[in-house]
Amino acid sequence: MLAHASTALTPHGAGRFSYRVPARHLLGLEGMPQADLLGILDEAQFHREQLDRSGIAGRELEGITVCNAFFESSTRTRVSFELAARRLGATCVSFSSTDSSTAKGETLLDTLRVIESMRVDLVVVRHSSSGAPAYLAKTLAAGVINAGDGQHEHPTQGLLDLLTLRQSWEGRFEGRRIALVGDIAHSRVARSAIHGLVTLGAQVVLSGPPTLIPQGVEALGVEVVESIDDALTGADAVMALRLQHERMDQGLLASLAEYARAWAINARRVRLMRPEALVLHPGPMNRGIEIAPDVADGERSVILAQVTNGVAVRCAVLRRCAQALTEAA
Amino acid sequence: MSHTLLIQNARHWRTGERVDVRIAGGVITSVTPAGPRGDMAEHTIAADGALLAPGFVDIHVHLREPGQSAKETVESGTRAAVAGGFTAVATMPNTSPVVDNAAWVEWLHDRTERDGHCRVHPIGAVTIGQKGEQLAEMIAMAKAGAVAFSDDGRPIMSAEMMRRALEYAKPIGRPIVCHEEDLTLRGKGHMNEGPVATRLGIKGIPSAAETIMVHRDCDLAELTGGRVHFAHLSCAGSFDAVRDAKRRGLPVTAETCPHYWMLTEEAIGEYDTNAKMNPPLRSEADRRATIAAIQDGTIDCLATDHAPHTADEKRQPFDMAPFGIVGLETAFALTVTGLVKPGHVSLTRAIELWSEAPRRVFGLPAVELAQGSDADLVLLDPSAEWTVDPTVFHSLGRNTPFTGATVTGRVLATWVAGRLAHTDATFQTRLPVTVGSR
């Protein structure tokens, strides 16, 4: 991604740009080779086991400084990154846009350059603009970790989804079918999950209100299924996506009640899936809207396991990016 | 009495004959078969068989003055124009303030008089402040020299307002240039709607946002008899609408731009803001339809939509960066590279599309290689290869998606009213006298 747009011009301009992202960054799961994905998941599984044996902390990131730069509000992702960084012995600071110079008109790039000048090694960025971390990675010497950019990707969320599924699926993604349900159009969680799942060989089906299914999404290697019941029948897992209330104001939905009737993951719909099927949700949940409370708290739900895995995945990602940074130096 | 200039041994762009062209007082005084070399008058330029053609006209340029001189000025924009072979440009009124009255039209003439390297034809706004609410004084602006009217960049969403504007402008005899975009359909879109936008998580602009308005304004041309010129058309549906309107005999004309036949939405790659413009780069099917519309005459002329921005404005996350790319200094090469070399149109037709055609669309005086014509001329090497390097652009804007591209077709020299306004570095050795930058 550093050497962007340097390809020779063809009059057709078609053909996807191939780009290589230096290993000190994690910008997305799109294009990440299967071996790299599995490598991160293996390491994350190790960290998960360390986490479960409480009290054991690592020192892998000693001497590394991590800055969480959050230009959009977040609780779980930010706390999760902080815990992961501190667990491995890194110095970790955080700021959010409300208490930063961005309110004074400083550009995103200038803000991050200032942070970098304080000898920060890794910046964890959340921003409302799709592509903002990729844009920063073109300029900064620090490693850039995408903690959610607009409607593009949320790679550590995608990785924790994969880790959670792998723990129950005995490491096998081929032949598994997972349904992603709800607001695909505005979901960075969905995009990262799709890229990771497709790379690992799972079959991904999407279902949701037609106003929230983006144009041409099939090009990502997924299938759009109009009927949610068809999407769920025989599935190995379902991921309910968070529904933002502003979709009503934008004329994309009629009402929350109608959405819940048509698209909520409820007990009846869970029974359409295979008996051992899993229920995932990236959080924060709107109980009773995209997911019924009894399903969220039910025995098929792995929603809290996802959160625990989140810390483990971020340990693995921070360590790998830090290692790439040290090796390059 | 000005000196007589002799352009010796040029190849006539249309007939292919070797000619000597003499110029005095800003006009061509004679065109004769090339004589023996050695007839070197004081001001003789040895064209050595390079192609001599009428100067190009770009009817869709943003010179950014008044008010946005960090992006471009009349000086820098017209310098870029002559480097691209253009002897005249029409400049859009979406400046700060908006050119919506005769005083600003006159100001542009004065500024051009002082700073301009080529002719500048102001385009006045259709409505005051381009707000789409109240008609601007189009009669006064036309008297002051406005060649057309446009709310470019701020489409007139009210069909009623557009109807009245077309009726009002009709007796003035100047076209209304329409940037066709239904703003409600565009919403907060930043690139073409489709798989690439979905992959990047960028909100899309469907091509229907353009085609709906093209259809509307074809029907309003029919209702009013007013002259509509469609700016920068980008998609198959728009070409179909214009094709149909012409079949119905409606008073409509249309332009498209090099990026729509050179590139598709894929050129955005990983959020390249230099491939962000409005209308956006579309699909491969639209790119092919653009070429077909040029071939069958649905497209009347070419234009660049030269839209310079500062590096800082473009160096932002994709959805925060402004729309627009520069085009003046790459237009001819992209035409040769994308249309002539692949055999879509002949070189002669390509030159027509940049010279005779835009003059016809805007009713500007014709330029011919003939005695008495204005000496607005361009000397071309259609087979020279070069690499696009925006750091050497004369424009203040360096926002091009073609950086590093190898292209074919070079402008060697440009004369505006008989004055040598530009010579290419590769050509300067052939000049008999040192030429000042202006």
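Residues numbered from 1 in each chain as written. Chains lettered and ligands numbered in written order. Predicted model: local features only at pLDDT ≥ 70, side-chain atom pairs only at ≥ 80, totals over all residues.

Undergrad: Any chance you could break down the overall build of chain B for me, citing the residues and the numbers?
TA: Helices and strands together make up the secondary structure of chain B, namely 14 helices and 18 strands. For a compact globule of 438 residues, the expected C-alpha radius of gyration is about 22 Å, and chain B comes in at 21 Å, within 12% of that figure. By principal-axis analysis of the C-alpha atoms, chain B measures approximately 65 × 45 × 45 Å. Taking contacts inside chain B between residues at least 6 apart in sequence as the whole, the part at least 24 apart equals 75%. (Helix = DSSP H or I, 4+ residues; strand = E, 2+ residues; numbered from the N terminus. Rg over C-alpha atoms; globule rule 2.2 N^0.38 Å. Contact = placed C-beta atoms within 7 Å.)

Undergrad: For the overall build of chain A, give the residues involved together with the corresponding values.
TA: On a plain count of helices and strands, chain A comes out with twelve helices and nine strands. With the C-alpha coordinates of chain A rotated into their principal frame, the extents come out at 55 × 55 × 40 Å. Burial analysis of chain A (329 residues in total) assigns 48% to the buried set. A separation threshold of at least 6 residues defines the contact pool for chain A, and within that pool the share at least 24 residues apart is 75%. (Buried ≥ 20, exposed ≤ 12 C-beta atoms within 10 Å, placed from the backbone.)

Undergrad: I'd like a description of the domain arrangement of chain A, backed by residues and values.
TA: All names here are of chain A. In terms of domain boundaries, chain A breaks down into domain 1 (34-154 + 310-328) and domain 2 (155-307). Between domain 1 and domain 2, the residue contacts involve 21 residues of the former and 21 residues of the latter. Of all the elements in the fold, those that place two or more residues in the side of domain 1 that touches domain 2 are α1 (34-52), β4 (143-149) and α12 (303-328). Sorting elements by how many residues they give to the side of domain 1 that touches domain 2 places α1 first, with six residues. (Domains from an automatic or database assignment.)

Undergrad: Got a sec to walk through helix α10 (residues 284-295) of chain B? Specific residues and values, please.
TA: All names here are of chain B. Between the first and last C-alpha of α10 there are 17 Å, a value that for twelve residues agrees with the 16 Å anticipated at 1.5 Å per step. Turning to α10, its buried residues number three or more, namely Asp286, Arg287, Ala289, Thr290, Ala293 and Ile294. Projected down its long axis, α10 shows its buried positions confined to an angular sector of 160°, all on one face. Two residues or fewer after α10 comes Gly297, characterised by a positive phi angle close to 85°. (Expected span 1.5 Å × (residues − 1). Arc of directions from axis to C-beta.)

Undergrad: Lay out helix α12 (residues 331-340) of chain B in plain terms, naming residues and giving numbers.
TA: All names here are of chain B. For α12, the tally of buried residues reaches ten of ten residues, placing the bulk of the element in the interior. The set of residues buried in α12 consists of Ala331, Phe332, Ala333, Leu334, Thr335, Val336, Thr337, Gly338, Leu339 and Val340. At its buried positions, α12 is contacted by α9 (258-262), α10, β15 (301-302), α13 (347-354), β16 (377-387) and β17 (406-416).

Undergrad: Can you explain the environment of His394 of chain B? Please cite residues and give values.
TA: All names here are of chain B. For His394, the position within the fold is in the loop between β16 and β17. A residue is classified by how many C-beta atoms lie within 10 Å of it, and His394, with 19 of them, is partly exposed. When the C-alpha atoms of His394 and Met138 are compared, they prove to be 32 Å apart, with 256 residues separating the residues in sequence. Not counting residues within four places of it along the chain, the set of residues in contact with His394 comprises Ser76, Arg79, Ala80, Ala83 and Glu329.

Undergrad: Any chance you could break down the sheet that holds strand β7 (residues 223-224) of chain A for me, citing the residues and the numbers?
TA: Two pairing modes exist for strands in a sheet, parallel and antiparallel, and in both the strands are linked by backbone hydrogen bonds. Residue and element names in this part refer to chain A. As summarised here, the arrangement of the five strands in space is β7-β6-β5-β8-β9, forming an open sheet in which the pairing is parallel. Bordering the open sheet on either side are β7 and β9 (278-280), each of which pairs with just one other strand. Where strand β5 (residues 177-181) meets strand β8 (residues 237-240), four bridges bridge the pair, whose relative direction is parallel. Bridging from a neighbouring strand, Leu180 pairs with Met239 of β8. Here helix α5 (residues 155-168) sits on the sheet in contact with β8 and β9, set at roughly 165° to β9. (Pairing = 2+ DSSP bridges. Axes fitted to C-alpha atoms, helices over the stretch in contact; angles between N-to-C directions.)

Undergrad: Help me get a handle on the sheet that holds strand β1 (residues 65-70) of chain A, residues and values and all.
TA: Residues and elements named next belong to chain A. A sheet is described by the order of its strands in space; here four strands give the open sequence β2-β1-β3-β4, paired in parallel fashion. Two strands lie at the open edges of the sheet, namely β2 (91-96) and β4, each paired on one side alone. Between one strand axis and the next, the sheet turns by 15° as a mean value, whatever way the strands run. Pairing of strand β3 (residues 122-127) with β4, which is carried by five bridges, proceeds in the parallel orientation. Bridge pairing links Val124 to Ile145 in β4. Each of β1, β3 and β4 is contacted by α12, which is oriented at about 150° to β4, the strand it contacts most.

Undergrad: So what's going on with the confidence of the model for chain B? Which residues, and what values?
TA: Residues and elements named next belong to chain B. Put simply, chain B has an average pLDDT of 95, and 96% of its residues get 70 or more. Across residues 434-438 the pLDDT falls below 50, and counting only partners more than four positions away or on other chains, this stretch makes three contacts in the model. Reported for the predicted complex are a pTM of 0.92 and an ipTM of 0.89. (pLDDT = per-residue confidence, 0-100.)

Undergrad: With reference to specific residues and values, describe the nonpolar core.
TA: Counting residues in each nonpolar core, the largest one holds 234 residues, and the members touching the most others are Val123, Val238 and Leu318 of chain A together with Leu52 of chain B. When residues of this core are sorted by domain, at least three fall in each of domain 1 (34-154 + 310-328) and domain 2 (155-307) of chain A. If we ignore the near neighbours within four places in the chain, the residues touching Val238 of chain A are Ile178, Ala179, Val181, Leu232, Ile265, Met273, Ala277 and Val279 of chain A. (Core = buried A, V, L, I, M, F, W, Y, C linked by C-beta atoms within 7 Å.)

Undergrad: Now, about unusual backbone geometry: what can you tell me, with residues and values included?
TA: For the bond running from Gly283 of chain A to Pro284 of chain A, omega is -10°, close enough to zero to count as cis. On the secondary structure map, Pro284 of chain A appears in the loop between β9 and α11 (293-296). Geometrically, the link from Glu65 of chain B to Pro66 of chain B is a cis peptide bond, its omega value of 5° lying close to zero. Positive phi, normally seen in glycine, also occurs at Arg64 of chain B, with a value near 70°. Examined against the element boundaries, Arg64 of chain B turns out to sit in the loop between β6 (56-61) and α1 (74-83). The class for Arg64 of chain B is buried, based on 26 C-beta atoms found within 10 Å.

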